[in-house]
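Chain by chain, the residues:
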Amino acid sequence: VLEEVAEELSGGHALGPDRARARMRELERIAAHDDLTGVASRRHWAESVAAALARGVAGAVLLCDVDDFKRVNDEAGHQAGDRVLVATAGVLDRAGFAGRIGGDEFAVWIEGATADEGQSACERLRRSIAEATARIVERGPVGPRSASPARPTTGAPSTSSSPKHAGWSSPGRA
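Bear in mind the structure is a predicted one, so any value in this text is a computation, not a measurement.

**Considering the overall build of the chain**
When its secondary structure is counted, the chain shows 6 helices and 4 strands. Secondary structure elements of the chain, listed N to C terminal, follow the sequence α-α-α-β-α-α-β-β-α-β. Buried positions account for 41% of the 174 residues belonging to the chain. In the chain, the proportion of contacts linking residues at least 24 apart, taken out of those at least 6 apart, comes to 67%. When the accessible surface of the chain is totalled, it reaches about 9,600 Å², and 50% of it is carbon and sulfur.

Encoded structure:
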């Protein structure tokens with residue numbers, strides 16, 4: 001999109017207001033979403049959750065790291081690894097506001113969830129991810145083996161209505 005805009009501008013063509021707005025919306029969409037999985041980008045996810053917390057909205061943050069992901073890429077190939085990431089993201093996105101925060105790491109914000117509800121969601125998601133990935137990887141399911149909500153940096157419960165709890169230092173697995 002940027003190349004197209006640059007080409008139009010360098011060719012002496014002015015972008016009309018409608019075309020400029022359409023290009024801006026496309027750039028915003030690209031920046032806000034992970035290209036492979038379609039879930040929120042790290043920055044968009046973190047900013048959105050921080051904004052919710054700043055408004056006083058409580059909820060649970062769950063982190064998911066796909067165990068044995070390197071093995072999937074090494075043994076089944078990168079296309080299988082990509083399918084595992086897409087399947088994992090799909091499961092997590094149905095549970096709440098999901099974002100890809102690293103290579104095989106995801107976060108989910110479940111608005112209004114208590115710590116107990118977050119813990120229950122972790123176990124449900126762990127099973128769902130294992131089921132979804134078992135169909136992709138012939139050697140059995142990959143994904144989290146254990147489940148626990150993220151541990152905020154302050155050591156407070158995994159739910160919060162305070163922006164200071166938006167970060168975490170020792171993530172659990174969803």
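Past the structure itself, the notes keep going.
**Overview of the pattern of salt bridges**
Using the criterion set out here, one finds 6 salt bridges in the structure. We note a salt bridge from Lys70 to Asp74, for which the minimum N-O separation is 2.6 Å. Here the residue Lys70 and the residue Asp74 both occupy positions in helix H4 (residues 69–76), the gap between them amounting to 4 residues, near one helical turn. Residue classification places Asp74 among the exposed residues on the basis of a relative accessible area of 52%.

**Section: the environment of Ala40**
Considering the arrangement of structural elements, one finds Ala40 in the loop between helix H2 (17–32) and helix H3 (42–54). Taking the C-alpha atoms as reference points, Ala40 and Ile101, separated by 61 residues in sequence, lie 8.7 Å from one another.

**Regarding the nonpolar core**
One recurring pattern in soluble globular proteins is that nonpolar side chains are buried together. By size, the foremost hydrophobic cluster in this structure holds 26 residues, and its most contacted members are Leu62, Val84, Leu92, Phe106, Val108, Ile110 and Ile136. Every element with two or more residues in this core is listed here: strand S1 (59–65), H4, helix H5 (78–95), strand S3 (105–111) and helix H6 (115–134). Sort the elements by how many residues they give to this core and H5 lands first, with 7 residues. Formed by 11 residues, the second largest nonpolar core is a distinct cluster that contains Ala40, Val49, Leu53 and Trp109.

**Structural notes on H3**
Taking 1.5 Å of rise per residue, 13 residues should cover 18 Å, and H3 covers 18 Å from first to last C-alpha, within 8% of that figure. Listed as buried for H3 are Trp45, Val49, Ala52 and Leu53. For H3, the arc enclosing every buried residue in end-on projection is 100 degrees, short of the 170-degree limit, so these residues lie on one face. Across from the buried face of H3, at angles greater than 90 degrees, the exposed residues are Arg43, Glu47 and Ala54.

**With respect to the side chain of Asn73**
Tracing the chain through its elements places Asn73 in helix H4. A polar contact is formed between the side chain of Asn73 and the side chain of His78, at a distance of 3.5 Å.

Basis of the calculations
Residues numbered from 1 in each chain as written. Predicted model: local features only at pLDDT ≥ 70, side-chain atom pairs only at ≥ 80, totals over all residues. Heavy atoms only, no water. Helix = DSSP H or I, 4+ residues; strand = E, 2+ residues; numbered from the N terminus. Buried < 20%, exposed > 50% of the residue type's maximum accessible area, 1.4 Å probe, protein only. Contact = heavy atoms within 4.5 Å. Areas by Shrake-Rupley, 256 points an atom, 1.4 Å probe, with all protein chains shown as cover. Salt bridge = Lys/Arg side-chain N within 4 Å of Asp/Glu carboxyl O. Core = buried A, V, L, I, M, F, W, Y, C linked by side-chain atoms within 4.5 Å. Expected span 1.5 Å × (residues − 1). Arc of directions from axis to C-beta. Polar contact = N/O pair within 3.5 Å; in protein donor to acceptor, adjacent residues only side chain to side chain.

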